[in-house]
Amino acid sequence: MNDLTLQKARAYEAEHGAAISPAERPAYHLTPYVGWMNDPNGFSYYKGQYHQFYQYNPYDVRWAPMHWGHAVSTDLLHWEYLPCALAPDSPADNGPGCFSGSATQMDDGKQLLMYTSVVAEKQPNGEMRDIQTQSIAIGDGLNYEKPACNPVLTQKDLPEGFSKFDFRDPKIWREADGTYSVVTVCLAEDGSGAAALFQSADGFDWHFVTVLERCNNQYGKMWECPDFFPLDGKQVLMLGPMEMLPKGEFHNGHNVIAFIGSYDQATHTFTKENVQLMDGGIDFYATQTTLAPDGRRIMTAWLQTWSDTEDKPKGCKWFGQTICPRELHIKDGRIFQTPVRELDAAHGKRTFHENVTVQSETSLEGIKGRVADLTVTVQPGEYRSFTLKLAADADHHTSLTYDPHTSELTLDRSYAGSRADIVHRRSCKVRSQNGALKLRILLDKNSIEVFANDGEQTMTVWIYTPQSADGITFAADGKATITAEQFELNL
């Protein structure tokens with residue numbers, strides 16, 4: 001702990017992060033201690049706590065040379081900030097910094113972090129380019145040291161033709177026999193992404209095993225933030241394609257998709273059977289999962305997308321947040337997502353309205369607020385559309401509108417208060433049930449997370465609407481019969 005770069009970051013965040021009051025943050029979503037956050041990293045369970053690291057610039061609310069911020073929790077809702085874990089302070093990462101990575105536990109009880117180390121290198125044509133390699137750091141859950149062997153994976157470990165400029169985001173895990181495996185993403189010789197598997201006996205000395213899956217210019221271009229895990233008898237390869245074209249449920253730009261299939265561990269062969277979009281909203285990227293002690297597969301993500309990072313509240317002291325962690329299950333060949341059950345334990349006062357007929361815009365007594373867990377069920381019927389407005393007042397709202405004839409659910413934050421020319425509206429298809437629809441909605445000051453039909457689809461969005469806009473209204477074109485249940489959250 002003698003490094004000046006890390007000491008400087010820790011001293012800065014200790015002063016400026018502590019000056020941000022809890023009232024200035026969401027109630028149960030993790031934000032950076034101070035400054036900027038993007039991808040969640042190192043999501044893991046270690047020494048009786050969940051550890052959540054994150055891409056971090058403590059000095060400003062903009063991206064800059066990357067550090068790793070660090071927080072811990074026992075319930076995935078209340079987070080305690082720990083000092084900055086990594087800084088760009090070694091020969092392998094003293095350029096743009098310590099990019100995304102992951103964590104696992106070693107045999108001696110230490111925690112092993114694996115991350116993308118980046119330096120700038122002058123090319124033959126005189127251009128400066130970032131070179132991406134993989135490095136490790138070893139620590140006790142608070143302080144981490146980078147060994148002299150870094151980087152542990154470089155371009156020489158990749159198949160011929162793969163790029164040294166795009167080789168990143170290692171997701172590490174331990175196999176049943178105690179060996180280490182890691183999946184990274186890289187740019188293949190055809191100019192599109194691939195997911196590569198490496199293995200190690202000790203976490204230090206790594207070797208290439210296989211390419212698990214290739215994009216073949218079918219799912220965007222470069223891939224990011226891979227994860228590879230078993231789930232309910234299937235194997236999942238989850239990742240974030242860049243530069244997607246709209247097709248089916250996929251939208252332009254950055255997406256998160258999951259390939260669901262089977263995996264032959266003896267031959268290291270992944271066979272995909274189907275693929276799905278992981279979130280149909282606007283602000284959802286950079287997923288990472290961990291295995292909870294009770295066997296649940298829990299996912300986190302950045303509640304943001306790159307295209308709207310310049311739209312910030314004036315004078316903000318922090319920027320970026322993670323989703324409320326979600327439990328994952330496979331049903332009928334599709335991944336379902338539900339908020340972690342720990343949220344149920346925070347339920348407070350219950351407000352319940354059953355079988356209410358809705359036509360013109362109306363509110364229901366006790367259904368309001370900006371920190372709440374709300375479930376709305378629409379019964380089958382002949383209505384032409386149903387609209388729910390959240391974070392609403394005379395000038396603001398974010399709406400959810402369901403068209404039972406097209407089975408489209410549309411999220412629209414055009415009136416949430418933003419002045420930026422960015423994506424404010426997005427739709428996704430939900431399963432047709434003759435007009436029946438179930439929506440569970442998590443509100444937390446600056447965000448809305450929607451779980452349609454028990455998590456078969458999700459839609460996630462940030463909003464910077466004034467906190468005084470706390471109305472919730474219901475309306476239908478025609479007559480819709482609804483039931484609404486809201487829990488206040490004791491956090």
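Residues numbered from 1 in each chain as written. Predicted model: local features only at pLDDT ≥ 70, side-chain atom pairs only at ≥ 80, totals over all residues. Heavy atoms only, no water.

**Comments concerning the overall build of the protein**
Of regular secondary structure, the protein possesses 1 helix and 32 strands. For a compact globule of 491 residues, the expected C-alpha radius of gyration is about 23 Å, and the protein comes in at 23 Å, within 12% of that figure. Principal-axis analysis of the C-alpha atoms places the extent of the protein at approximately 65 × 50 × 50 Å. The buried share among the 491 residues of the protein stands at 60%. The long-range fraction of contacts in the protein, counting pairs at least 24 apart against all pairs at least 6 apart in sequence, stands at 58%. When the accessible surface of the protein is split by element, carbon and sulfur atoms take 48% of a total near 19300 Å². (Helix = DSSP H or I, 4+ residues; strand = E, 2+ residues; numbered from the N terminus. Rg over C-alpha atoms; globule rule 2.2 N^0.38 Å. Buried < 20%, exposed > 50% of the residue type's maximum accessible area, 1.4 Å probe, protein only. Contact = heavy atoms within 4.5 Å. Areas by Shrake-Rupley, 256 points an atom, 1.4 Å probe, with all protein chains shown as cover.)

**Observations regarding the domain arrangement of the protein**
Here the domain parsing of the protein yields domain 1 (6-340) and domain 2 (343-489). Placing the centre of domain 1 and that of domain 2 at their C-alpha centroids yields a distance of 31 Å. Taken together, the contact between domain 1 and domain 2 spans 36 residues of the former and 37 residues of the latter. Interface of domain 1 and domain 2: buried area, both sides summed, is about 2800 Å²; carbon and sulfur atoms make up 53% of it. Looking at the side of domain 1 facing domain 2, the largest losses of area belong to Y28, I282 and D311, adding up to 22% of the total buried there. (Domains from an automatic or database assignment. Buried area = accessible area lost by both parts, 1.4 Å probe.)

**Concerning unusual backbone geometry**
Looking along the chain, the bond that leaves N150 and enters P151 is cis, with omega of -5°. Of note in this structure, C225 is not a glycine but carries a positive phi near 50°. When its relative accessible area of 9% is taken as the criterion, C225 is described as buried.

**Side note on the pattern of salt bridges**
In the structure shown here, the tally under the stated rule is 31 salt bridges. Of the charged contacts in the structure, one is a salt bridge between R168 and D166, with a shortest N-O distance of 2.7 Å. With respect to burial, R168 and D166 carry one shared label: buried. Connected through salt bridges with shared partners, the residues D294, R296, E327, R341 and E342 form a single ionic network. (Salt bridge = Lys/Arg side-chain N within 4 Å of Asp/Glu carboxyl O.)

**Thoughts on the sheet that holds strand β8 (residues 144-145)**
As summarised here, the arrangement of the 4 strands in space is β5-β6-β7-β8, forming an open sheet in which the pairing is antiparallel. Whereas interior strands pair on both sides, the edge strands pair on one side only; in this sheet they are β5 (97-105) and β8. (Pairing = 2+ DSSP bridges.)

**Here's the deal with the sheet that holds strand β29 (residues 447-452)**
Taken in spatial order, the 6 strands make up an open sheet running β22-β32-β23-β28-β29-β30, and their pairing is antiparallel. Two strands in the sheet have a free side with no partner beyond their single neighbour: β22 (347-358) and β30 (457-462). Taken over all neighbouring pairs, the strand axes of this sheet differ in orientation by 15° on average, direction set aside. Taken together, the 8 bridges between strand β23 (residues 371-378) and strand β28 (residues 437-444) define a ladder with antiparallel strand orientation. Residue pairing in the sheet places T377 in a bridge with K438 of β28. (Axes fitted to C-alpha atoms, helices over the stretch in contact; angles between N-to-C directions.)

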